[in-house]
Amino acid sequence: MAAPTFQRLHRDRAAQIAGGVLAVVALAALLAPWLAPFDPTAQPDPVGLRLAAPSIAHPLGTDPFSRDVLSRMLHGARVSLGVAAGAMLLSVTLGTALGALAAMRGGWVDSLVSGVVDVLIAMPRLLVVIALVATFGTLSPWWLVALIGGSGWLTTARIVRAEMRDHLQREYVIAARALGAAPWRIVWRHLLPAAAPQMAVAAALALAAVIPLEAALSFVGLGIQPPLPSWGNVLLDGTDYLTSAWWLVLAPVGAVTLTVGSALVLADRLRAAIASEAREQ
Amino acid sequence: MSTLLAVEGLCLDAMREASASPTSILRDVSFSLREGETIGVLGASGSGKTSLALSLLALLPPGIMARGRITFEGHEMLTATRGARRTLRGRRLSMVFQEPLSALNPRQRVGAQVAEVAQAHGERNAVRARRAAVEMLGRVGLADADRLAQRFPHELAGGERQRVLLAAALLLDPALLVADEPTSALDVTVQAQVLQLLRAQQRERGMALLLVSHDLGVIATTCERTVVLYDGRLVEDAPTRQLLRSPEHAHSRALVDAIRPAERAE
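Keep in mind that what you see is a predicted model, and the values were worked out from it rather than measured.

Enquirer: Now, about the packing of helix 3 (residues 110-120) of chain B against helix 6 (residues 158-170) of chain B: what can you tell me, with residues and values included?
Expert: Residue and element names in this part refer to chain B. At a minimum axis separation of 8 Å, helix 3 and helix 6 run at an interaxial angle of 20°. In terms of orientation, helix 3 and helix 6 fall into the roughly parallel class. Helix 3 and helix 6 meet at a crossing whose hand is right-handed. Between helix 3 and helix 6, the contacting residues are Val 110, Gln 113, Val 114 and Val 117 on the first element and Val 164, Ala 167 and Ala 168 on the second.

What follows is the structure, encoded as structure tokens:
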């Protein structure tokens, strides 16, 4: 049952902590303009403040251009998490629509969708995205959302299709059909609510997958373009100084790890909640 | 009165795998039903009763092939378009199922599930659909229907759930109700109440009723006519009273003897 599954999650300690971390990170991203102590692109003193170690004024130090790393991380969170959230929403929506289509129509439509999923899922996503970006040149954040989201619907489609096919054979769906419900109504009123917990797992996993993807693209210089900060290019700025200015690397790596880790914990606890729900039925 | 439903030479075959030969579920079944008539379909489990009921609404699961003709109010159910079938289901012919708990969506309040029938047939106004649903829940004998409509299926008793299903099936006043073992999952006392309600609603609406059951007792108290299914064939079609008095087929005789051992011994 949908509602009890999510209620169960509310009482789960690990899920609470992971959800809290994600909420704090999201809030920090939203409030970046007010929280950030400096302009993320300002270079106040490229000589004197170059690669300054963490201090009271600059809690996460400065980068090779004397920019404040904390401010860059906060503003970078907006970009990185914005792209990630957009891509996640796009991939989950796309995956749900195609999974539902395959489950409902069956026949050749199902074979086609499932076949495409099977082929595309075998391709390494990062390499495909890099190849596409390289073809189109550098991309605006919107195109990045489209590209990352558009390449991530496969697992969601698989999960939604399997879940809906299972429920399609249950008596309550047959009963709804016996009383004249049209396919779209069955999807909307019966199958989507039934698949919601599994879709939430897919969404958490999608989020965990796209954050490093965006960071990786920005890191190799194909994602978010400087001077606009993102977690990926903050890391890029820091790699050359790994031994001398560790804070430059620690901040973005820590942020990505914390966020992705929280999303993974949330997905795991949600799965556990679904499983224990199923056991009790 | 005119013929409402005609089943002619209906054969159902289950296709297990493409290579294997199909298993026959029903063989050459024919019978008809007049408007307002009550008919019982009697058979042991595995005799093809449920498949027969589902085929009347063209709701056979994938993998079961149907041959023959099913004519309902002039519509060929087996060959009609999906849209045509959909407008008939729930509005002209409805079905209630054996296990009310699994026939209701566990995630949805029961009032919404009854109202859904009206919405599926063109009621745009959600408030009106809901009001009709609550009224119908009251008419199938559920007390405090307004509050009950807000509950989830697992919060109701078995008899209440079956009444909810019945309310959904009867909401749009269908000409035929197909009831597949509607009381088998219920306690004996509740069973009697639900059967009584079924009869009362049938009479009040002048609706035809096709009651599928393995229990001759249930059919005897509810249906004017009885057809007996045995091993996928229709072996007897007679007024229920006559069937009880002088069953023709050996299988019918066994069923009759089973419920009236004392009487028949005299």
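Enquirer: Tell me about the interface of chain B and chain A, and name the residues and values.
Expert: With 23 residues of chain B at the contact, the number on the chain A side is 18 residues. No other element matches helix 3 of chain B, which puts 3 residues into the side of chain B that touches chain A. Among the residues making up the side of chain B that touches chain A, the classes are represented as 11 nonpolar, 6 polar and 6 charged.

Enquirer: An account of the sheet that holds strand 7 (residues 176-180) of chain B is needed here, citing residue identities and associated values.
Expert: Residues and elements named next belong to chain B. Spatially, the 6 strands line up as an open sheet ordered 6-7-8-3-9-10, and their pairing is mixed. For this open sheet the edge positions go to strand 6 (93-96) and strand 10 (233-239), each flanked by a neighbour on one side alone. The sheet shows a mean angle of 15° between the axes of neighbouring strands, taken without regard to direction. Of the strands in this sheet, strand 3 (38-43), strand 6, strand 7, strand 8 (208-213) and strand 9 (225-230) touch helix 1 (residues 49-56), which is tilted by about 150° from strand 7.

Enquirer: Before we move on, can you summarise the sheet that holds strand 1 (residues 3-14) of chain B with the specific residues and values?
Expert: Residues and elements named next belong to chain B. The 4 strands are arranged 2-1-4-5 in an open sheet whose pairing can be described as antiparallel. Two strands bound the open sheet, and with one partner strand each, they are strand 2 (23-34) and strand 5 (75-76). Direction of pairing for strand 4 (residues 64-72) relative to strand 5: antiparallel, over a ladder of 2 bridges. For Phe 72, the partnering residue across the bridge sits in strand 5 and is His 75.

Enquirer: Before we move on, can you summarise unusual backbone geometry with the specific residues and values?
Expert: All names here are of chain B. One non-glycine residue, Asp 173, lies in positive phi territory at about 60°. Residue position: Asp 173 is located in the loop between helix 6 and strand 7. Backbone geometry at Glu 181 places phi at a positive 45°, although glycine is not the residue there. Mapping Glu 181 onto the fold places it in the loop between strand 7 and helix 7 (188-205).

Enquirer: Before we move on, can you summarise the nonpolar core with the specific residues and values?
Expert: With 164 residues, the main nonpolar core has A:Ala204, A:Leu207, A:Val210, B:Val114, B:Leu137, B:Ala167 and B:Val178 as its most contacted residues. Of all the elements, helix 10 (residues 183-219) of chain A adds the most residues to this core, at 21 residues.

Enquirer: Mind laying out the environment of A:Ala77, listing which residues take part and the relevant values?
Expert: Residues and elements named next belong to chain A. One can find Ala 77 in helix 4 (residues 69-105). With 193 residues separating them in the primary sequence, Ala 77 and Leu 270 have C-alpha atoms 25 Å apart. Ignoring sequence-local partners within four residues, the contact set of Ala 77 consists of Val 25, Ala 28, Ala 29 and Ala 32.

Definitions and limits used
Residues numbered from 1 in each chain as written. Chains lettered and ligands numbered in written order. Predicted model: local features only at pLDDT ≥ 70, side-chain atom pairs only at ≥ 80, totals over all residues. Axes fitted to C-alpha atoms, helices over the stretch in contact; angles between N-to-C directions. Helix = DSSP H or I, 4+ residues; strand = E, 2+ residues; numbered from the N terminus. Parallel < 35°, antiparallel > 145°, perpendicular 65-115°, else oblique. Left-handed = near helix turned anticlockwise from the far one by under 90°. Contact = placed C-beta atoms within 7 Å. Nonpolar A, V, L, I, M, F, W, Y, C, P; charged D, E, K, R; others polar. Pairing = 2+ DSSP bridges. Core = buried A, V, L, I, M, F, W, Y, C linked by C-beta atoms within 7 Å. Buried ≥ 20, exposed ≤ 12 C-beta atoms within 10 Å, placed from the backbone.

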